[in-house]
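Descriptive structure summary
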Amino acid sequence: MKKFGFIALAGLGLLLASCEKKADTVSTAQEQQVADKKGDVFAVDAATSMVNWKAFHKGGLAPRWGTLSITSGELSVADKQLSSGEFVIDMKSIKVDPASVTEKDKKYTELEGHLKSADFFNVEKFPTAEFKITKVEDLAAGAQNAIEGANKTVSGNLTLLGKTLNVSFPAKVDVADKSAAVKAQFTVNRADWGIKFGTNETDPAEWMISKDIEIAIDVKANQK
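Bear in mind the structure is a predicted one, so any value in this text is a computation, not a measurement.

Calculation rules
- Residues numbered from 1 in each chain as written.
- Predicted model: local features only at pLDDT ≥ 70, side-chain atom pairs only at ≥ 80, totals over all residues.
- Heavy atoms only, no water.
- Helix = DSSP H or I, 4+ residues; strand = E, 2+ residues; numbered from the N terminus.
- Buried < 20%, exposed > 50% of the residue type's maximum accessible area, 1.4 Å probe, protein only.
- 1 Å grid on protein atoms, 1.4 Å probe; cavity = no way out; pocket = protein on both sides within 12 Å on 5 of 7 lines; lining within 4 Å.
- Points joined across faces, edges and corners; volume = space filled by probe spheres on them.
- Nonpolar A, V, L, I, M, F, W, Y, C, P; charged D, E, K, R; others polar.

Some remarks on the environment of I147
Mapping I147 onto the fold places it in the loop between β6 (128–138) and β7 (152–160). Under the relative-accessibility criterion, I147 is labelled buried at 12%. The sequence separation of I147 and A171 amounts to 24 residues, and the corresponding C-alpha distance is 6.6 Å.

Things to note about empty space enclosed by the protein
Space left empty within the atom packing is revealed by a probe, the size of a water molecule, rolled over the atoms. Counting across every chain of the model gives two cavities of 30 Å³ or more. Lining the largest cavity are ten residues; nearest its centre among them are I89, L158, F186, I215 and I217. Mapped onto the lining of the largest cavity, the elements with two or more residues apiece are β5 (81–96) and β10 (209–223). For the lining of the largest cavity, the residue count by class is ten nonpolar, no polar and no charged. Estimated volume of the second largest cavity: approximately 50 Å³. Considering the residues around the second largest cavity, the lining is formed by L75, F87, F131, I133, V154, V182, I217 and V219. Only β6 and β10 provide two or more residues apiece to the lining of the second largest cavity. A per-class count over the lining of the second largest cavity returns eight nonpolar, no polar and no charged.

So this is what it looks like as structure tokens:
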């Protein structure tokens, strides 16, 4: 296979402006019990919801970024507070923004193909990823590098390549009479989910690809 992705990072994550601080890398824990569904149920609007990703070479050089589509999901609200929720990501929808591939000898379509391959997300075997909320708490004072307006800490089970780990991150949660929204940005170590292509430090070409992926979620839901 043509190793376009050796120098071009691969992963799932979020399009961030270069002037923004990089979101902290979240720690992972074992899969937790999913929060009980209670209160009013809001259906995720797949047309306006999105996952963005951004990844790098070592040292933050030559970032690549793009998008993933959310196909379905729901958020539950009790006493005007987000209580639970989940959504499904279409891994076959992964896109690379052509603007992120500036080298004359590189093609963004080749990177898209590599990301979909067994080297990375193996979308034929694992066509979807999932996130299921396990806990929602008030954001602690002094949270660092949180998205603007963050007011909650959201914890949830993130499933990639069939492996489920629990992650927690600051989020901006908005609840209205007939709608709810969750917006967040954070960084994960893709190797935690077994996505290890390019992490072999004995191969300098592969070693240049960072393990970090910045992820941004923007989920909007309307009451059923």
